[in-house]
Amino acid sequence: MTAQTDHRISDPAARVLADPQAYTDEKLLHDSLAHLRRNAPVSWVDVPEYRPFWAITKYADIMEIERQNELFTNDPRPLLAIAAADDALRRDIEAGTGLRTLIHMDDPHHRDMRKIGVDWFRPKAMRALKARCDELAKIYVDKMADKGPELDFATEIAVNYPLYIILTMLGLPDSDFPRMLKLTQEMFGGNDAEFQRGGGVDDMLAVLLDFFNYFMELTRSRREHPTEDLASAIANAKINGEPLSDMDTLSYYVIVASAGHDTTSAAIAGGLLALLQNPDELARLQGDMSLMPTAVEEMIRWVVPVKEFMRTARADTEVRGVPIAEGEAVLLSYVSANRDEEVFADPFRFDVGRDPNKHLSFGYGVHFCLGAALARMEISSFFSELVPRLSSVELAGDPEFMATTFVGGLKHLPIRYSLK
Ligand code: HEM
């Protein structure tokens, strides 16, 4: 049922987008989003705790909004958070003490900041990291062999492997692994009681402060003794001849360490669940490993580790004929875009050979995921090691999803398996 409030279409189904719990129930979520795509693809959402926003659920509209990055900006509301957290972030940014990463910025500062990291994610840098990815993939699949026949794949394997790769890239010691793991989970598991440090905005800020303290020390050390790693590139970067402010430097580490971790682990755990729930597709891949690149792309489309980002209209405009006023926010539902029937043939079918597969899991336009090539390589290295060795795999309990409206996926994936 669709209700009309002044000029605005407001479909109750769109409330799922502001309900972290809804993301733990894939059927409810996808049924609601399919309904919205058909009946109210630009729907006004006004629910307690959150500032209102427009829910955008069609692929073409999301691309169109991201393409117009001067009309629709990331500042001041790049992602969905409760109003109190929006306010705290704003206050801290204005005071110069708040997190301000690439996703909080717009051009031209965004362009300058992005340039600092971009070389580290190009094909040449990826080739240099490939051996480390393959080596770590083997270590983790060997770990599965040791621990079998049952384990929680999400917590014991998927969450650890990508973090090691990010730490390698940044140039941090392996001994910092447990600390970074906890911090990234506290940061992104913000809506989920199992990972939260506490419930409030202050707890979230305390997590950020811990990140900052850690990386402040790193910056000091890399400025004194530059090394050949991404951390050194960030610590010693200059824009127009000036070093980055402390806050810009720290925010850079935070985005790399956090964006590069839970996203990829969600894709790996969700990818394995998709394979075991679609045994014909697993057998197809085992029979033809040259399908790995399309299989990896399909896992990323299927899982959608980043659920949404937001933009704010800088002038009165419209989307799909619906008027959007200056200052109003739009939520871009990548989860919905990747199941858009107008773009993907049979979108609810997991197809390891899907081609073309122009999903929006990495976003689009000037903010397109900086680590996309790295994520693809990590996932490919992992499954290239696991799939040929897998004799059998099945669920050993119910998979459990994280309650989050932002980044995440499976928090538990109990499996029973045997390896060759
Ligand atoms: C499967 C894994 C991943 C997914 C699904 C993913 C998804 C995304 C999305 C949706 C965006 C925003 C795009 C937009 O606004 O249009 C983004 C931005 C970003 N991602 Fe990823 N990401 C993944 C892995 C990584 C990795 C491994 C890194 C490595 C450090 C990374 C670093 C970043 C950075 C730095 C940005 C900000 C780019 C900007 O604003 O210019 N991501 N990612």
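Coordinates for the structure precede this section.
Notes on the structure in this doc start here. Keep in mind that this is a model prediction, so the values were computed, not measured. (Residues numbered from 1 in each chain as written. Predicted model: local features only at pLDDT ≥ 70, side-chain atom pairs only at ≥ 80, totals over all residues. Heavy atoms only, no water.)

### Examining the site of the ligand
For clarity, the cut-off: The rule for a residue being near a molecule or strand is that one of its heavy atoms must lie within 4 Å of it. Side-chain atoms alone can form a polar contact between residues adjacent in sequence; in general such a contact is a pair of N or O atoms within 3.5 Å, and within protein one must be able to donate a hydrogen while the other accepts it. A helix here means a DSSP run of H or I that spans at least four residues, while a strand means a run of E at least two residues long, and both kinds are numbered starting from the N terminus. Residue type decides the class: Asp, Glu, Lys and Arg count as charged, Ala, Val, Leu, Ile, Met, Phe, Trp, Tyr, Cys and Pro as nonpolar, and the leftover types, Gly among them, as polar.
Surveying the vicinity of the ligand reveals 30 residues, the closest of which are Glu66, His110, Arg114, His367 and Cys369. Separating an oxygen atom of the ligand from a side-chain N or O atom of His110 is a distance of 2.7 Å. His367 places a polar side-chain atom, nitrogen or oxygen, 2.7 Å from an oxygen atom of the ligand. The set of elements that each furnish at least two residues to the shell around the ligand consists of helix H4 (109–118), helix H11 (246–259), helix H12 (262–277), strand S9 (308–313) and helix H16 (372–389). Each residue belonging to the shell around the ligand can be placed in one class, and the counts come to 18 nonpolar, eight polar and four charged.

### Observations regarding the packing of helix H7 (residues 161–170) against H16
Going by this rule: Convention adopted: a line fitted to C-alpha atoms gives each axis, helices being fitted over their contacting stretch, and angles between N-to-C directions are expressed from 0 to 180 degrees. Orientation labels follow simple angle bins: below 35 degrees gives roughly parallel, above 145 gives roughly antiparallel, 65 to 115 gives roughly perpendicular, and whatever is left gives oblique. Crossing handedness follows the turn of the near helix against the far one: under a right angle anticlockwise gives a left-handed crossing, and clockwise gives a right-handed one. We call two residues in contact when some of their heavy atoms are within 4.5 Å.
Interhelical geometry of H7 versus H16 gives an angle of 130 degrees and a closest axis separation of 11 Å. On the basis of their axis angle, the class for H7 and H16 is oblique. Every pair of crossing elements has a handedness; the one defined by H7 and H16 is right-handed. Residues Tyr161, Pro162, Ile165, Ile166 and Met169 of H7 pack against Leu374, Glu378, Ser381 and Phe382 of H16. Of the residues that constitute the contact of H7 with H16, the class distribution is seven nonpolar, one polar and one charged.

### Let's talk about the layout of surface pockets
To keep things clear, this is the line we draw: Of the grid points, spaced at 1 Å and generated over the protein atoms alone, those admitting a 1.4 Å probe that cannot get out make up cavities, while open sets with protein on both sides within 12 Å along at least five of seven lines make up pockets; any residue with an atom within 4 Å of a point is treated as lining. Grid points are joined across faces, edges and corners, and a volume is the space filled by probe spheres set on the points.
By volume, the second largest pocket is sized at about 380 Å³. What lines the second largest pocket is a set of 23 residues, among which Glu26, Leu273, Trp302, Arg339 and Phe401 lie closest to the centre. Looking at the lining of the second largest pocket, the elements that each hand over two or more residues are helix H1 (26–39), H12 and helix H14 (292–303). When residues of the lining of the second largest pocket are assigned to their parent elements, the largest contribution, four residues, is made by H12. Residues that form the lining of the second largest pocket fall into these classes: 13 nonpolar, seven polar and three charged.

### Describing the sheet that holds strand S4 (residues 53–56)
Which entries qualify depends on this criterion: By the convention used here, strands pair only if DSSP detects at least 2 bridges between them.
An order of S3-S4-S12-S9-S5 is seen for the five strands of this open sheet, with the pairing classed as mixed. Two strands close off the open sheet at either side, each with one partner strand: strand S3 (42–45) and strand S5 (72–73). As defined by bridge partners, S9 adjoins strand S12 (residues 329–333) across five bridges and the pair is classed as antiparallel. Bridge pairing in S12 links Thr312 to Ala329. Where helix H2 (residues 59–67) meets the sheet, its contacts fall on S3, S4, S5, S9 and S12, and the angle it forms with S12 comes to roughly 125 degrees.

### Here's the deal with H14
For an α-helix the count is 3.6 residues per turn, leaving residues at separations of three or four pointing the same way. Threshold: The span one expects for a helix is its residue count, reduced by one, times 1.5 Å. The buried label goes to any residue with under 20% of its type's maximum accessible area, the exposed label to any with over 50%, and the partly exposed label to all in between, with areas taken from a 1.4 Å probe on protein chains only.
Here H14 spans 16 Å end to end across 12 residues, near enough to the 16 Å set by a 1.5 Å rise per residue. With 11 of 12 residues buried, H14 is to be regarded as a mostly interior element. Taken together, the buried positions of H14 are occupied by Met292, Thr294, Ala295, Val296, Glu297, Glu298, Met299, Ile300, Arg301, Trp302 and Val303. Contacts from the buried residues of H14 go to H12, helix H13 (279–287) and H16. Looking one or two places after H14, you find Val304, whose phi comes out positive at around 50 degrees.

### What about the sheet that holds strand S16 (residues 414–419)?
The antiparallel open sheet is built from three strands, whose spatial order is S6-S16-S13. Every other strand in the sheet has two partners, leaving strand S6 (150–152) and strand S13 (390–395) as the edge strands with one partner each. Strand-to-strand twist of the sheet, defined as the mean angle between neighbouring strand axes without regard to direction, takes the value 30 degrees. Note: S6 against S16, three bridges, orientation antiparallel.

### Let's talk about the environment of Phe362
Structurally, Phe362 is set in the loop between helix H15 (334–337) and H16. Here Phe362 falls in the buried class, since its relative accessible area comes to 10%. Residues Phe362 and Tyr334 lie 28 residues apart in sequence; the distance between their C-alpha atoms is 8.7 Å. For Phe362, the residues in contact, after removing those within four places along its chain, are Glu297, Ile300, Phe368, Cys369, Ala372, Ala375 and Arg376.

### Overview of the side chain of Thr264
If you trace the backbone, Thr264 turns up in helix H12. Apart from the residues lying within four places of it in its own chain, the contact partners of Thr264 are Pro162, Ala375, Glu378 and Ile379.

### Thoughts on the nonpolar core
Here is the rule we go by: Among buried residues, the Ala, Val, Leu, Ile, Met, Phe, Trp, Tyr and Cys ones that are joined through side-chain atoms within 4.5 Å form a nonpolar core.
Membership of the largest hydrophobic core comes to 142 residues, with the highest contact counts inside it found for Phe153, Phe382 and Phe383. Sequence-distant contacts of Phe153, that is, excluding residues within four places in its chain, are made with Met144, Ala158, Ile268, Ala269, Leu272, Phe382, Leu413 and Ile415.

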